[in-house]
Amino acid sequence: MDTIFALASAQGRAGVSVVRISGPEAQHAASVLCGPLPSPRHPALRAVRDIQGGLIDHALVLVFAAPHSFTGEDVVELQVHGSIAVVWAVLDALAATNCARLAEPGEFTRRALENEKMDLAQVEGLADLIDAETEAQRKQAVRVLSGALGAKVESWRTDLIRAAALLEATIDFADEEVPVDVTPEVSSLLEKVSAGLSEEIAGSFVAERIRLGFEVALVGAPNAGKSTLLNRLAGRDAAITSEIAGTTRDVIEVRMDLNGLPVTFLDTAGLRDSDDTIETIGIARAIERAKQADLRVFLTEEGGALLLAPEKGDIVLRAKADLVPDAEGGVSGLTGQGVSELMARITDELQYRSAAAGLATHARHRSAMQRASDDLSAALMQVAHGPVVYDIAAEELRSAIRALEALVGRVDVENLLDEIFSSFCLGK
């Protein structure tokens, strides 16, 4: 493969910038600029010079010999001063060596995947970690990056390969020393994996919300104080407030960090029957976004009726509590009354939901697991009919394994053959 290089740290001025080189000529390219390199994993200070011998900078040079590196290839990192001019000079000097080229976006991580240093889920976990804005997102991404999801999927694959081996042995080696009735063990394995898939699929919806962010919609009639409350929560004038009913026409969003959870608050149009065409469009959008939100905060007034019914977990509060003497369970964005209590209730509710988060964080993960789950259900039905349809059940199992390949990146026939011969002594 080509040797590649790129700036591995953020663009712009910094105290230190890291230039990464990876590939078969990585050490040679680095030595052209830095002279003799230090031994692997023993950083040393070196002068970095262009191919004409001009001094560019002094860098801390760190060598990783294959396969003990991020990409699985020889890797050299040059930690230089974080000047834009220095970085560009180093990159230009590397290009001038004619033994390395500038890396394409994501190419280092792709090489790590191709060299089996990471699986697909870990690659996505790394991307999520880089994009993490809150503590909950960071923790979740680290779990995926550490290989927890891949380990779970690998466990499922092992059980499915075992079940498939039992079925294949019964089909192809009926005259050999194999169990006569493998139905109980196969059924047990499939039910175990199916239960694990169902649990992980259910948890993936919450995990995805943690990754993308929860949405909390402020819902109520016109002039219920929704925009004022949003401004109070945001600490700035994010929404226009007015005594004129129907001021808010579109959905206004404010993103916040609630105790580590990413949350977007939605200020929606006041819900009422209106003859104003534009306001009616805004109300329709408000209802749609409120229905899609993870949680709704209803601001109600005495005798007021809403066009949307609260769901389980939603919060219903008395609006404009500052105008209502002895109002209990109320909130006022104008004075701040009840705002702390509201934030605490929202945080508690979302943290409660977050406890059910699984390891799968992307819709792609869920789709692959759902396909595998459907195939396992079909396989269980066939296994229940006995050996006469084991061949159909085995095909369903192979389909389930292929579905899980989308998560771990591989499964091959050799695994199945190895299991058959090692378990049943058939290689004679």
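Criteria and cut-off values
- Residues numbered from 1 in each chain as written.
- Predicted model: local features only at pLDDT ≥ 70, side-chain atom pairs only at ≥ 80, totals over all residues.
- Heavy atoms only, no water.
- Helix = DSSP H or I, 4+ residues; strand = E, 2+ residues; numbered from the N terminus.
- Buried < 20%, exposed > 50% of the residue type's maximum accessible area, 1.4 Å probe, protein only.
- Contact = heavy atoms within 4.5 Å.
- Areas by Shrake-Rupley, 256 points an atom, 1.4 Å probe, with all protein chains shown as cover.
- Pairing = 2+ DSSP bridges.
- Axes fitted to C-alpha atoms, helices over the stretch in contact; angles between N-to-C directions.
- Parallel < 35°, antiparallel > 145°, perpendicular 65-115°, else oblique.
- Left-handed = near helix turned anticlockwise from the far one by under 90°.
- Core = buried A, V, L, I, M, F, W, Y, C linked by side-chain atoms within 4.5 Å.
- Lys, Arg positive; Asp, Glu negative; His and termini not counted.
- Salt bridge = Lys/Arg side-chain N within 4 Å of Asp/Glu carboxyl O.
- Polar contact = N/O pair within 3.5 Å; in protein donor to acceptor, adjacent residues only side chain to side chain.
- Phe/Tyr/Trp six-rings, centres within 6.5 Å; stacked < 30°, edge-to-face > 60°.
- Lys NZ or Arg CZ within 6 Å of the ring centre and 35° of its normal.
- pLDDT = per-residue confidence, 0-100.

(A) A look at the overall build of the protein chain. Check the secondary structure of the protein chain and you find 13 helices and eleven strands. In the protein chain, which comprises 428 residues, the share counted as buried stands at 48%. When contacts within the protein chain are restricted to residue pairs at least 6 apart in sequence, those whose partners lie at least 24 apart make up 61%. When the accessible surface of the protein chain is totalled, it reaches about 20,900 Å², and 53% of it is carbon and sulfur.

(B) Main features of the pairing of strand 10 (residues 295-300). Across the six residues that make up strand 10, a large majority, five, are buried. Bridge count between strand 7 (residues 214-220) and strand 10: five bridges; the pairing is parallel. Directly across from Val216, in strand 10, lies its bridge partner Leu295.

(C) Representation of the sheet that holds strand 2 (residues 16-22). A sheet is described by the order of its strands in space; here six strands give the open sequence 3-4-5-2-1-6, paired in mixed fashion. Among the strands making up the open sheet, the edge pair consists of strand 3 (44-49) and strand 6 (101-102). As defined by bridge partners, strand 1 (residues 4-7) adjoins strand 6 across two bridges and the pair is classed as parallel. What sits directly across from Phe5, in strand 6, is Leu102. Contacts from helix 2 (residues 84-96) reach strand 1, strand 2, strand 3, strand 4 (55-64) and strand 5 (75-81), with the element oriented near 175 degrees to strand 1. Along the sheet, helix 3 (residues 107-114) contacts strand 1, strand 2 and strand 6; its crossing angle with strand 1, the most-contacted strand, is approximately 130 degrees.

(D) Quick look at the packing of helix 4 (residues 120-131) against helix 5 (residues 135-145). Here helix 4 crosses helix 5 at 155 degrees, and the two axes come no closer than 7 Å. By the criterion of interaxial angle, the relationship of helix 4 to helix 5 is roughly antiparallel. Every pair of crossing elements has a handedness; the one defined by helix 4 and helix 5 is left-handed. Each of Ala121, Gln122, Gly125, Leu126, Asp128 and Leu129 in helix 4 lies in contact with helix 5, whose residues at this interface are Arg138, Ala141, Val142, Val144 and Leu145.

(E) Examining the sheet that holds strand 11 (residues 315-318) more closely. The strand order 8-9-7-10-11 describes an open sheet built from five strands, whose pairing is mixed. If you trace the sheet from one side to the other, it starts and ends with strand 8 (252-258) and strand 11, each paired once. Strand-to-strand twist in this sheet, taken as the mean axis angle between neighbours without regard to direction, amounts to 25 degrees. Summarising the sheet, strand 8 and strand 9 (residues 261-267) pair through seven bridges and their orientation is antiparallel. Bridging across to strand 9, Ile252 finds its partner in Asp267.

(F) Inspection of the side chain of Glu215 at higher detail. Counting through the fold element by element, Glu215 comes out in strand 7. When sequence neighbours within four positions are dropped, the list of residues in contact with Glu215 reads Arg209, Thr264, Leu266, Arg289, Ala293, Asp294 and Leu295.

(G) Quick look at the nonpolar core. In this structure, Leu160, Leu190 and Leu397 are the most contacted members of the largest nonpolar core, which totals 36 residues. Listed by contribution, the elements that provide at least two residues to this core are helix 6 (148-172), helix 7 (183-212), helix 11 (363-383) and helix 12 (390-408). A per-element tally of this core places helix 12 first, with ten residues. Ile210, Phe265, Ala319 and Met343 belong to the second largest nonpolar core, which has 30 residues in total.

(H) Spatial organisation of the side chain of Asp119. With respect to the helices and strands, Asp119 occurs in the loop between helix 3 and helix 4. Buried charge Asp119 goes without a salt bridge, the closest partner of opposite sign being Arg364 at 7.3 Å. Polar contacts involving the side chain of Asp119 include one to the main-chain amide nitrogen of Ala121, which spans 3.0 Å. A polar contact is formed between the side chain of Asp119 and the backbone nitrogen of Gln122, at a distance of 2.7 Å. If sequence neighbours within four positions are ignored, Asp119 has contacts with Leu113, Gly150, Leu407 and Val408.

(I) Local environment of the packing of aromatic side chains. For the structure shown, the criterion picks out zero aromatic pairs. Looking at Arg20, its charged tip hangs above the ring of Phe108, at a distance of 5.4 Å from the centre. For Arg366, the ring lying beneath its charged end belongs to Phe205, and the centroid distance is 4.1 Å.

(J) Region of the structure containing the pattern of salt bridges. As enumerated under the stated definition, the model contains 24 salt bridges in all. Put simply, Glu185 and Arg162 hold a salt bridge, and the shortest N to O gap is 3.0 Å. Here Glu185 is found in helix 7, whereas its partner Arg162 is found in helix 6, with 23 residues between them in sequence. Linked by salt bridges that have partners in common, Asp2, Glu73, Arg101, Glu107 and Arg111 make up one network.

(K) Spatial organisation of the environment of Val87. Looking at the element boundaries, Val87 is found in helix 2. Separated by 81 residues in sequence, Val87 and Ala6 have C-alpha atoms that sit 9.7 Å apart.

(L) Structural detail: the confidence of the model for the protein chain. For the protein chain, mean pLDDT is 83; residues scoring 70 or higher make up 85% of the total. Segment residues 419-428 is flagged for pLDDT under 50; beyond a separation of four residues in sequence, or across chains, it makes 22 contacts in the model.

(M) Just unusual backbone geometry, in detail. A cis amide bond, omega 0 degrees, links Ala66 with the succeeding residue Pro67. Relative to the assigned elements, Pro67 resides in the loop between strand 4 and strand 5. The phi torsion at Asn98 lies on the positive side, around 60 degrees, for a residue other than glycine. With respect to the helices and strands, the residue Asn98 is situated in the loop between helix 2 and strand 6. Residue Asn259 is not a glycine yet carries a positive backbone phi of 55 degrees. Tracing the sequence through the fold places Asn259 in the loop between strand 8 and strand 9.

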